[in-house]
Every structure is written in C-alpha cells, then in structure tokens.
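So you can see what is in the structure, the chains are spelled out below.
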Amino acid sequence: MQNELDNRVILEVFDKIRRFGEPYEDGHMLEGIVAKSDFDGYSVVLEGSGVTLQLNFHQSYHFEYATNGLKEQFMAKVDYIHRHFNES
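Since we're looking at a predicted model, the values are computed, not measured. (Residues numbered from 1 in each chain as written. Predicted model: local features only at pLDDT ≥ 70, side-chain atom pairs only at ≥ 80, totals over all residues. Heavy atoms only, no water.)

Turning our eyes to something else, we now look at the overall build of the chain. Per the secondary structure count, the chain includes two helices and six strands. The order of helices and strands in the chain, counted from the N terminus, is α-β-β-β-β-β-β-α. Over its C-alpha atoms, taken along the principal directions, the chain stretches across nearly 35 × 30 × 25 Å. Considering the chain as a whole, with its 88 residues, one finds that 35% of them fall into the buried category. Counted over contacts in the chain with a minimum sequence separation of 6, partners at least 24 positions apart contribute 40%. In the structure as shown, the chain presents an accessible area of about 5700 Å², 50% of it carried by carbon and sulfur atoms. Here the chain contributes 8 positive and 15 negative side-chain charges, whose respective centroids are spaced 4 Å apart. (Helix = DSSP H or I, 4+ residues; strand = E, 2+ residues; numbered from the N terminus. Buried < 20%, exposed > 50% of the residue type's maximum accessible area, 1.4 Å probe, protein only. Contact = heavy atoms within 4.5 Å. Areas by Shrake-Rupley, 256 points an atom, 1.4 Å probe, with all protein chains shown as cover. Lys, Arg positive; Asp, Glu negative; His and termini not counted. Charge placed at Lys NZ, Arg CZ, Asp CG, Glu CD.)

Structure (structure tokens):
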C-alpha cells in the first residue's frame, strides 16, 4: 500500500505554520490550519477545514474527517502553505 502522505512535507508545513502563523489557543494558525504538538513533541497535529491529521514520531499518522471533500480542502491548504511560505 502506497503511503498517501509525505511525512517530510507535513513536518515542513508544521514548521512553517509555527514560524509564519499567528498564535492560536495552544498552537499557531496559518491559512486556516492550526499546528500544535503534544507536550513531549512525539506527535504533531494539523487541524482545519473539519479535518485533523496527527503525525506520530515513528511516521505513523491518523486522519479524522467527515467527508473526502473536507480532506481534499485540507490537503489543498497544506499544499498551498508548503509551496508559498518560504524563507525570504
């Protein structure tokens, strides 16, 4: 089975949200996506558009979403952040 996520991209997006985003509750928000991590840093969470993605230390991940359309919107935002927010 092909892994549907590039974990490196997700970690880069997490970092970009933390650097370029605004503080939001217990994380940071950028382009409608909230990035946060657990207290020990073993998992990171991206949330937005009705979707939650948890990426764990050993590269396993878990999605929660109601419809495929919501997941597609979420992944489009993740892709946008990945492509458009770079060090200048």
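Read on, since the account is not over.
All right, on to the pairing of strand 4 (residues 43-48) then. The buried count for strand 4 comes to five of six residues, which makes it a mostly enclosed element. Alignment of strand 3 (residues 33-37) against strand 4, held across four bridges, turns out to be antiparallel. If you follow Val34 over to strand 4, its bridge partner there is Glu47. The turn joining strand 3 and strand 4, which pair antiparallel and follow one another in sequence, is formed by five residues; a positive phi near 75° is taken by Gly41. Sheet analysis places strand 4 next to strand 5 (residues 51-56), joined by six bridges and oriented antiparallel. Paired with Leu46 across the strands is Leu53, a residue of strand 5. The turn joining strand 4 and strand 5, which pair antiparallel and follow one another in sequence, is formed by two residues; a positive phi near 55° is taken by Ser49. (Pairing = 2+ DSSP bridges.)

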